[in-house]
Protein chains: 2
Amino acid sequence: MKVNATIYDVAKAANVSIATVSKVINETGHISEKTKRKVHQIIEELDYKPNMMASALMGKQTKTIGLLIPDIANPFFSELARSIEDRGQELGYNLVICNTDYKIEKENKYLALLKQKSVDGFILASGFEHLEEVEKLIKEKTPVAIVARDFPMFSINGVALDDFMGGYQAASYLIGLGHENIDVIARDVWSNRERIRGFKQALEENNRKFSMNFEYIGESTVEAGKAITHKYLSSSNIPTAIFACNDLLAAGALQAAKENGVSVPERLSVIGFDNTLIARIVEPPLTTIGQPIQSMGKQVMDLIVSMISGEQKEKIRITLLPSVVERESTNNRM
Amino acid sequence: MKVNATIYDVAKAANVSIATVSKVINETGHISEKTKRKVHQIIEELDYKPNMMASALMGKQTKTIGLLIPDIANPFFSELARSIEDRGQELGYNLVICNTDYKIEKENKYLALLKQKSVDGFILASGFEHLEEVEKLIKEKTPVAIVARDFPMFSINGVALDDFMGGYQAASYLIGLGHENIDVIARDVWSNRERIRGFKQALEENNRKFSMNFEYIGESTVEAGKAITHKYLSSSNIPTAIFACNDLLAAGALQAAKENGVSVPERLSVIGFDNTLIARIVEPPLTTIGQPIQSMGKQVMDLIVSMISGEQKEKIRITLLPSVVERESTNNRM
DNA sequence: TTGAAAGCGGTACCAA
DNA sequence: TTGGTACCGCTTTCAA
């Protein structure tokens, strides 16, 4: 068992002090070319890698970011995590990923734990609406950014989608197709309330009225989407279109429609949200409101890094715009 | 900006030495009840949390594990990562997740980087077949376990699926349904070679011969699955069934079948592998060889932790068995 | 240009 | 039962 070389081993082998070695590694101070070469050579020979714990102890960065996400097994979040990690890698950061299951206790637990581990900052994709613990962190100057969630009443940096616009686009698109009776599937979280607000706005502008069937559901799963769609489809006011607030829910809607023998898009149009892998593999492929997931991941990573480096002094909110991605689950009524 | 309390602050406030504080925290040595209470109280008041970097420097664990995975956006891996993280959380470990894209350079880079960050061990879901760097780590006594990949010629701990059995089950099931002409979709990696070996075994036992159309594909994506299926379907030897080595590929096969106007399962049966979310949402829902993903995640986490703690001295290989999950993409020919 | 030494925040051995 | 202190591996003054 070869033990890893330390800065002392390098110093000894190079006949210099550890201070000198430290300086050539960090390119601080003035060291002669000759010494530099010598030290680099020894570093090479010994395969020396600085211990990051030790430098972190001295106040340096750990180059590690905590990513708190509801559920990495959810395609939207796994795609988002992927894009964040990609950018992190380019910038030299690692991600420790924590699944919160939308539970505030889990979020708080992870927050405390990772703080002990000296992560450089946090990216929150979890999205609660009571952020006391997060507020504490911010007060302590710990860099925190949110992504894919919006908290208009909370002073925190982040990148989010214009959810209002997303809902507006969904309704406009469906209305453009001639639909009058559109039901909505959504879990009761802020972003969905925004989407619905945008949705209603478009409805009003076109003198349509909002669904009679609407009710919030408990979780964003295929099964939940299926169950509520069954309900809508057997109501006295059968919709000609459904706006599901994410692709998973929309996939459930598709399944329910099939079980009820109503063909999509002929008798029922379904529009999803997110444009994840899901939208491309269900049958029929899903028309959906696309979130620029790649861009969101990159932006939020850039944001947190600029906060860590101290460049980003003012609060900033980056809003990305959705766009409708047409596929085959929607149909013209006219 | 309130600075975090250190062990010195606690010691001072409690009128004891830092040695004493350390002892009550770690429950080592003999400390009077009274002192313990006092110290705990101060810890509470100051909201003191030990800095894990500092203890890591003294040789303690960081309670962090590196997870190297090809692509977290792939549903199989995101579900696997989820189950590993779940178990990690129960055991008090965090996961730093790295996407390797099946690239050996990326894997090596991450390995070196995370070692610098003093992770307690590595879980590799990546699966390369030349593991020199990994071998080095093992020599240095760094705990490393593999999951969902098998390396029979490599002495490393891990938990894997019995891929041979999976292929055997797939073939047996399809043969039981009366299929004679089964094509295979697979990327050229060890586990798929094993699956195909098992597949051929079952074929032989039933006096069937292996597909004439077979060729390995370059990547495991929906698109690749679709492309190769188009090819198979327009060959001179049209299959009545397809065995896709993962659900994504199977989803692609479904799409190609639809585009060619061949209905599934009436004219073509398709069987997948993994039993991910994908299998439940495509149309028709996929019959697939199910991997016990939850169990794999738990087992590999338990394994790495027991290696870290030193309990697991001998090399161990845990093999889990697949099972066929029947849905609607396969059909009886008879 | 280089090095000695004082930390960073803990752990653990040895005395008291 | 408690405390003094050396040390983990590195950074950073401050002198030389």
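- An unreviewed UniProt entry lists chain A under the name Transcriptional regulator, LacI family, from Sporosarcina newyorkensis.

### Thoughts on helix α13 (residues 293-308) of chain B
Given 3.6 residues per helical turn, the α-helix brings residues three or four places apart onto the same face.
All names here are of chain B.
Here's step 1: Relative to the 22 Å expected for 16 residues at 1.5 Å per residue, α13 spans 23 Å between its end C-alpha atoms, a close match to the ideal helical length.
Here's step 2: The set of residues buried in α13 consists of Ile293, Met296, Gly297, Val300, Met301, Leu303, Ile304, Val305, Ser306, Met307 and Ile308.
Here's step 3: Downstream of α13 by one or two residues, Gly310 has phi in the positive range, about 90°.

### What about the environment of B:Ala14?
Residue and element names in this part refer to chain B.
Here's step 1: Considering the arrangement of structural elements, one finds Ala14 in helix α1 (residues 7-14).
Here's step 2: Of the residues examined, Ala14 reaches a relative accessible area of 6% and is grouped as buried.
Here's step 3: Along the primary structure Ala14 and Glu90 are separated by 76 residues, whereas in three dimensions their C-alpha atoms are 32 Å apart.
Here's step 4: Beyond its immediate chain neighbours, meaning those up to four positions away, Ala14 contacts Lys38, Val39 and Ile42.

### What to know about the pairing of strand β5 (residues 157-161) of chain B
Residue and element names in this part refer to chain B.
Here's step 1: By the criterion of burial, β5 is predominantly enclosed, with 5 of the 5 residues buried.
Here's step 2: Side chains of β5 alternate between two faces, with Asn157, Val159 and Leu161 and Gly158 and Ala160 buried alike.
Here's step 3: In the sheet, strand β4 (residues 144-147) pairs with β5 via 3 bridges, with the strands oriented parallel. Residue pairing in the sheet places Ile146 in a bridge with Gly158 of β5.
Here's step 4: Direction of pairing for β5 relative to strand β10 (residues 317-320): parallel, over a ladder of 4 bridges. Within β10, the position partnered with Gly158 by the bridge is Arg317.

### Notes on the protein's contact with DNA strand D
Here's step 1: In the vicinity of DNA strand D, 28 residues are found, and the nearest of them are A:Ile7, A:Tyr48, B:Lys23, B:His30 and B:Thr35.
Here's step 2: In DNA strand D, atoms within 4 Å of the protein come from the sugar-phosphate backbone in 58% of cases.
Here's step 3: A:Ile7 is positioned with one of its backbone polar atoms (N or O) 2.5 Å from a phosphate oxygen of DNA strand D.
Here's step 4: In the model, a phosphate oxygen of DNA strand D is placed 2.7 Å from a nitrogen or oxygen of the A:Tyr48 side chain.
Here's step 5: By residue class, the composition of the surface near DNA strand D is 15 nonpolar, 11 polar and 2 charged.

Criteria and thresholds
Residues numbered from 1 in each chain as written. Chains lettered and ligands numbered in written order. Predicted model: local features only at pLDDT ≥ 70, side-chain atom pairs only at ≥ 80, totals over all residues. Heavy atoms only, no water. Helix = DSSP H or I, 4+ residues; strand = E, 2+ residues; numbered from the N terminus. Expected span 1.5 Å × (residues − 1). Buried < 20%, exposed > 50% of the residue type's maximum accessible area, 1.4 Å probe, protein only. Contact = heavy atoms within 4.5 Å. Pairing = 2+ DSSP bridges. Near = heavy atom within 4 Å. Polar contact = N/O pair within 3.5 Å; in protein donor to acceptor, adjacent residues only side chain to side chain. Nonpolar A, V, L, I, M, F, W, Y, C, P; charged D, E, K, R; others polar.

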